[in-house]
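Now for the letters of each chain:
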Amino acid sequence: MQISKNESYKSLGGIRLFGNLKVLLISGLFIALSIVLGKQLSFTMGPIRISFENLTILMAGIMFGPLVGMTVGICADVIGCIIVGYAINPLVTLGAASIGLISGSIYFYMFKDNPKLKLIAAVGLAHIIGSMIIKSIGLYIYFSYPMPLILMRIPLYIVIGTVEGYIIYLLMKNKTFANQLERVQMR
């Protein structure tokens, strides 16, 4: 029995996780880039980490859907922690997963008539829920950081989210990038 291209990457319940091999390979690249941006090219001081680790997680969700975004977030966090030697914090991993899930869900299912608004909402809500709330709770519970330090993550992620959203906007606006993305998404 031969399996067709379209049937080879289906997840449970017939929901497509990776539409084709190109999406799977780009997702692997996004995971690797997230690890480099978050664990190697970052500045960390307690609960404050200045990095763009969520950029590729957001891109995966926005470009390929919520399930791919969630998968990239989970894999990037777990693999990155293993590589660097950090303890895996389940709430931080849940926060990374929610960034991909929320950004993809909002981008794919809301504000269809206004692409700028859906990008702003996708990046903004993903950071509010994933970075500012879930990851902060994980850092507070597991590491007992003082609340004033945890609250400093709010303005930090407003700035980081703005920069990440602008980078994604510039990429999506670029005609060559948009054409290549469309080719990758073809099933």
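Okay, so let's go over this structure.

How each quantity is defined
- Residues numbered from 1 in each chain as written.
- Predicted model: local features only at pLDDT ≥ 70, side-chain atom pairs only at ≥ 80, totals over all residues.
- Heavy atoms only, no water.
- Axes fitted to C-alpha atoms, helices over the stretch in contact; angles between N-to-C directions.
- Helix = DSSP H or I, 4+ residues; strand = E, 2+ residues; numbered from the N terminus.
- Parallel < 35°, antiparallel > 145°, perpendicular 65-115°, else oblique.
- Left-handed = near helix turned anticlockwise from the far one by under 90°.
- Contact = heavy atoms within 4.5 Å.
- Nonpolar A, V, L, I, M, F, W, Y, C, P; charged D, E, K, R; others polar.

## Let's talk about the packing of helix 3 (residues 66-84) against helix 4 (residues 90-109)
Packing of helix 3 against helix 4 leaves a shortest axis separation of 7 Å and a crossing angle of 160°. Considered as vectors, helix 3 and helix 4 are oriented roughly antiparallel to each other. Relative to helix 4, the crossing made by helix 3 is right-handed. Contact residues: Pro66, Gly69, Met70, Gly73, Ile74, Asp77 and Val78 in helix 3; Val92, Thr93, Ala96, Ala97, Gly100, Leu101, Gly104, Ser105 and Tyr109 in helix 4. Each residue belonging to the contact of helix 3 with helix 4 can be placed in one class, and the counts come to nine nonpolar, six polar and one charged.

## A closer look at the packing of helix 4 against helix 5 (residues 115-143)
Contact geometry for helix 4 and helix 5: axes closest at 8 Å, N-to-C directions at 170°. One element, helix 4, and the other, helix 5, form an angle in the roughly antiparallel class. Here the residues of the contact of helix 4 with helix 5 are counted per class, giving 20 nonpolar, six polar and two charged.

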